[in-house]
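Now for the letters of each chain:
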Amino acid sequence: MPTTKAYAAFDAKSPLAPFELSRRDPKPNDVTIDITYCGICHSDLHQARNEWQNASYPMVPGHEIVGRVIAVGSAVTKLEVGQIAGVGCMVDSCRRCSACERGLEQYCEEGMSLTYNGFERDKKTPTHGGYSKQIVVDERYVVAVRQSGSLEGVAPLLCAGITTYSPLRHWKVGKGTRVGVVGLGGLGHVAVKLAAAMGAEVTLFSSSDRKRDDAKRLGAHEYVVSTDAAQMAKHHGRLDFILNTVSAEHDLTGLLLALRLDGTMVMVGAPEKPLALPVFPLLMNRRAVAGSGIGGIAETQEMLDFCAKHQITADVEVIPIQKVNEAYERLVKADVRYRFVIDNATLEA
Ligand code: NAP
Ligand code: ZN
Ligand code: ZN
């Protein structure tokens, strides 16, 4: 079994530390990728610290992976050696249930194989993610990266991109749709760019005034400080759709009131604790709350191609792997502009 350098969480409390990882021997359908960059998603932190109570250790996080294909199995048809490829949040699924057949592998009835903190289809071999130098993945769960230019801004699209693109498409956001985005972090800033590129009018809700200029630069038309009742009141009943990307506990009342008749708020943020659901704002104006999880493989490819066409990448701060724990501390404080991305070459330093 080939080995690769990695960083792992060994328990919920200790900092991540170096780890040597065994990858499986490549099978005929497998692609071996030399990882160039891996984004740091807030989900990495939630899981490394066992905030979702599902952690298994050692855990090598990372599901925003881009790199170069260095080997392909004899049955691989989709990718070639030398090509740039991406891997997102899942590396397998049952492939035959109705969700898988519809290209919605993330909702596989037998459960998808998460890229890390999950299991291969045998339900016992643990999976490990992109805070590592190499990964071996079945080609069916690998996407082709056709963006020209630098790759570091592409890596976050593999999770932040698809997680926001999929609900924007499912709820038919388009020209003139009044969209709210809550939280200007990794997911939020990509959501603003995507919604603006789809022709929507974007209102950004942030917990402070600090990101106002950035939000406008990224494509938001309005900026609202969500803790300021007077500012919130001006937006009552205005929006068709809200994408909520907040990673922590927060009050939903004012946000729901910002929806118009039949408007929907989709939760993609996954806070550690359940949120209180204010019912009266739902009854008034027949508003809805829904959820959405990442996106299927075909849609991930569609999203990457959309981003290539519209020249959308994430705004990133590239860090060496040795600074990953510092990055986690800053992520907790919402101090990231707007995605940390690991330069995986530093794993060999
Ligand atoms: P992030 O970069 O840390 O951004 C989260 C943003 O939420 C922050 O930048 C901040 O924006 C806002 N926020 C944080 N704490 C807050 C608080 N106490 N009150 C109000 N707002 C607060 O995280 P991310 O990587 O974008 O991920 C966001 C969430 O989505 C995480 O929970 C993650 O696990 C989840 N996620 C879900 C899926 C899915 O499939 N559904 C996929 C990926 C990630 P402001 O400074 O603008 O307020
Ligand atoms: Zn993620
Ligand atoms: Zn399935």
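None of the values given here were measured: they were computed from a predicted structure.

Enquirer: I'd like a description of the coordination of the zinc ion (ligand 2), backed by residues and values.
Expert: The zinc ion (ligand 2) binds to the protein through Cys41 (SG), His63 (NE2) and Cys159 (SG); the donor distances cover 2.0 to 2.3 Å. Counting the intervening residues between successive donors of the zinc ion (ligand 2) yields the motif C-x21-H-x95-C. Within this pair, whereas His63 is found in the loop between helix H1 (42–48) and strand E4 (65–72), its partner Cys159 is found in the loop between strand E9 (143–144) and helix H3 (160–170), the two being separated by 96 residues in sequence. For His63, a relative accessible area of 6% puts it in the buried group.

Enquirer: Quick one: what's the story with the site of ligand 1, residue by residue and with numbers?
Expert: The environment of ligand 1 is made up of 29 residues, and the closest members are His42, Ser206, Ser207, Lys211 and Arg339. In this structure, Ser207 approaches ligand 1 through a side-chain N or O atom, which is 2.6 Å from an oxygen atom. Protein chains shield 88% of the accessible area of ligand 1, which is 920 Å² for the free molecule. At three residues, H1 tops the list of elements feeding residues into the shell around ligand 1. Of the residues in the shell around ligand 1, the class split is twelve nonpolar, 14 polar and three charged. Taken domain by domain, the shell around ligand 1 gets at least three of its residues from each of domain 1 (3–158 + 315–348) and domain 2 (160–291).

Enquirer: Pulling in residues and values, what's your account of the coordination of the zinc ion (ligand 3)?
Expert: Distances from the zinc ion (ligand 3) to its protein donors, Cys94 (SG), Cys97 (SG), Cys100 (SG) and Cys108 (SG), fall within 2.3 to 2.4 Å. Around the zinc ion (ligand 3) sit four donor atoms; with metal-centred angles ranging over 104 to 120 degrees, the donor geometry is tetrahedral. Read from N- to C-terminus, the donor residues coordinating the zinc ion (ligand 3) fall into the pattern C-x2-C-x2-C-x7-C. Here Cys108 lies in the loop between helix H2 (98–101) and strand E7 (113–114) and Cys97 lies in the loop between strand E6 (90–92) and H2, a separation of eleven residues in the sequence.

Conventions and cut-offs
- Residues numbered from 1 in each chain as written.
- Chains lettered and ligands numbered in written order.
- Predicted model: local features only at pLDDT ≥ 70, side-chain atom pairs only at ≥ 80, totals over all residues.
- Heavy atoms only, no water.
- Donors = N, O, S within 2.8 Å, 3.2 Å for Na, K, Ca; no water.
- Helix = DSSP H or I, 4+ residues; strand = E, 2+ residues; numbered from the N terminus.
- Buried < 20%, exposed > 50% of the residue type's maximum accessible area, 1.4 Å probe, protein only.
- Near = heavy atom within 4 Å.
- Polar contact = N/O pair within 3.5 Å; in protein donor to acceptor, adjacent residues only side chain to side chain.
- Areas by Shrake-Rupley, 256 points an atom, 1.4 Å probe, with all protein chains shown as cover.
- Nonpolar A, V, L, I, M, F, W, Y, C, P; charged D, E, K, R; others polar.
- Domains from an automatic or database assignment.
- Tetrahedral: all angles 85-135°; square planar, octahedral: opposite > 155°, others 65-115°.

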